[in-house]
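Commentary on secondary and tertiary structure
One-letter residues, chain by chain:
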Amino acid sequence: MNSTPTISVIIPAYNAEKTLRRCLESICASTYPHLEIICVNDGSTDGSGQILAELAARDSRIIVINQANAGVSAARNAGLDAATGEYIAGVDSDDYIDADLYEKAVACFTPEVDAVRFGIAEEYGMPPVPSRRKMYHPEPFSGVVPVSEQVLEKLQLLFWAYLWRRSIIEEHHVRFPVGVRYEDADFFMETAIHCRNICFLHKEGYHNWQHEDSFMGQQFCGDANLNFRLNLERRVCKYYREHGLWEKWKSLFIHGLVKHCASSKHYFPPAEHAAVQRAYYNLALELGLPRELPGDFPLSTLKPANGWRKLFFTNIPNTRVYRFLGIPLFHRSYQDGKVMTGRFGLFRKLRSKLRRR
């Protein structure tokens, strides 16, 4: 293995003049010098192009690709096509990284490790003094872990929370789907299943800025949210079946389906929870999924229920995902017409449900 492998860092930029300079300067200041910084200007109409040209003139590692506006997926795909590094990283133009993140992440790679997962610090408010909510990766893993269904069902489906081995991406021709939302999930579900081992680095080095103009700040409400989640399930199911992966990973897909059904309901008022659950159940029938996984749980947990079944299956739809009841879960819930952000333990959530009854 090359003793000084290169990381190709892909940054899509669209009208990001408020945050783009901070993003790029944080990457250029990395203590890991072997970087190929690929900035894709996705048809920006503000000063983003000028910022990219200025910084590229100062740092020869910066490569600028200018293209007509085609969306973040097309911009990331252009970056993947241009990348030559041994590893792939992604940074959104409104985020930034710690100087030592890539140095520590590269040190985790061995010939058997295909991805490194690092921690995230979510930030709210306006820079340069945002309010922070520290969030080490919530998965209960440390060090090198073989990829399995039990591991993947707990991971966040994010492109930029990992450092990827590029050969895995290229060998399986993985790209982001153009023209859809939540494109990170497609990329993750098509890449992570081909990894042999993932190394979990307890380093909170990626700073993700949540704000009202960002996609993540807009998406968690209404039928648009539900529809793009259902379409994601369709795309992943189709990919697994077309590439001969269905038999190996179908239980992972079904577990994810049930888990996503539960999480989707947090973005709707309580009166609409039954309709959300019914939409997922109808999707399961549409996809021709097996009605039951022996020894685990039936897909009937997706079917709207009443009485004690409603209480139980609404809050614990997948015993494999929530097998440790005390695990803290990140959630957004619908309260008084607004989407609220918070953390809870499952015991506390169930207790609050019982009290309301």
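Look a little higher up for the structure.
What comes next concerns the included structure. (Residues numbered from 1 in each chain as written. Predicted model: local features only at pLDDT ≥ 70, side-chain atom pairs only at ≥ 80, totals over all residues. Heavy atoms only, no water.)

Right, let's talk about the overall build of the protein for a bit. Looking only at helices and strands, one finds 13 helices and 12 strands in the protein. Classification of the 357 residues of the protein by burial places 55% in the buried group. At a minimum sequence separation of 6, the contacts of the protein that also span at least 24 residues come to 76%. Carbon and sulfur atoms make up 54% of the accessible area of the protein, which amounts to about 15900 Å² in all. (Helix = DSSP H or I, 4+ residues; strand = E, 2+ residues; numbered from the N terminus. Buried < 20%, exposed > 50% of the residue type's maximum accessible area, 1.4 Å probe, protein only. Contact = heavy atoms within 4.5 Å. Areas by Shrake-Rupley, 256 points an atom, 1.4 Å probe, with all protein chains shown as cover.)

As a further point, take the packing of aromatic side chains. Under the counting rule described, the total for this entry stands at 12 aromatic pairs. Centre to centre, the rings of Phe 159 and Phe 176 are 5.0 Å apart; their planes meet at 80°, and the pair counts as edge-to-face. In this pair, Phe 159 is assigned in the loop between α5 (149–152) and β9 (162–165) and Phe 176 in the loop between α6 (166–171) and α7 (183–191), connecting sequence segments 17 residues apart. Of the two residues, Phe 159 and Phe 176, both sit in the buried class. Note on Phe 176 and Phe 187: the rings are 4.6 Å apart at their centroids and 10° apart in plane angle, and the pair reads as stacked. In this pair, Phe 176 sits in the loop between α6 and α7 while Phe 187 sits in helix α7, placing the two residues 11 residues apart along the sequence. (Phe/Tyr/Trp six-rings, centres within 6.5 Å; stacked < 30°, edge-to-face > 60°.)

Before going further, it helps to examine helix α1 (residues 20–28). In an α-helix there are 3.6 residues to a turn, and that puts residues three or four apart on one side. Of the positions making up α1, those classed as buried are Leu 20, Cys 23, Leu 24, Ser 26 and Ile 27. One side of α1 holds all its buried residues, which, seen down the axis, span an arc of 160°. Where the residues of α1 are buried, they touch β1 (7–13), β2 (35–42), α2 (48–58) and β5 (96–97). (Arc of directions from axis to C-beta.)

Before going further, it helps to spend a moment on the packing of α1 against α2. At their nearest, the axes of α1 and α2 sit 10 Å apart, and the two run at 20° to each other. As summarised for this structure, α1 and α2 are arranged roughly parallel, according to the angle between their axes. Considering the relative orientation of α1 and α2, their crossing is right-handed. Across the interface between the two elements, Leu 20, Arg 21, Leu 24 and Glu 25 from α1 touch Ser 48, Ile 51, Leu 52, Glu 54, Leu 55 and Arg 58 from α2. (Axes fitted to C-alpha atoms, helices over the stretch in contact; angles between N-to-C directions. Parallel < 35°, antiparallel > 145°, perpendicular 65-115°, else oblique. Left-handed = near helix turned anticlockwise from the far one by under 90°.)

Here we come to the pairing of strand β6 (residues 115–124). Taken across its 10 residues, β6 has 9 buried, putting it largely inside the fold. The pairing of β6 with strand β10 (residues 197–210) spans 9 bridges and is parallel. Within the sheet, the bridge partner assigned to Ala 115 lies in β10 and is Ile 198. (Pairing = 2+ DSSP bridges.)

Turning our eyes to something else, we now look at the pattern of salt bridges. Under the defined criterion, the tally for this structure stands at 19 salt bridges. The network of salt bridges with common partners includes Arg 21, Glu 25, Glu 54 and Arg 58. (Salt bridge = Lys/Arg side-chain N within 4 Å of Asp/Glu carboxyl O.)

With that settled, the discussion passes to the state of the cysteines. This model, assessed by the stated rule, comprises 0 disulfides. No disulfide involves Cys 23; its sulfur sits 7.6 Å from the nearest other cysteine sulfur, which is in Cys 39. Left without a disulfide partner, Cys 108 is nearest to the cysteine sulfur of Cys 199, which lies 3.8 Å away. (Disulfide = S-S within 2.5 Å.)

What follows is about the packing of helix α10 (residues 246–264) against helix α11 (residues 273–286). Here α10 crosses α11 at 160°, and the two axes come no closer than 9 Å. Here α11 runs roughly antiparallel to α10, going by the angle between their axes. For the element pair α10 and α11, the recorded crossing hand is right-handed. Contacts between α10 and α11 pair Leu 257, His 260, Cys 261 and Ser 264 from the former with Val 276, Gln 277, Tyr 280, Leu 283 and Ala 284 from the latter. Across the contact of α10 with α11, the residue classes break down as 6 nonpolar, 3 polar and no charged. (Nonpolar A, V, L, I, M, F, W, Y, C, P; charged D, E, K, R; others polar.)

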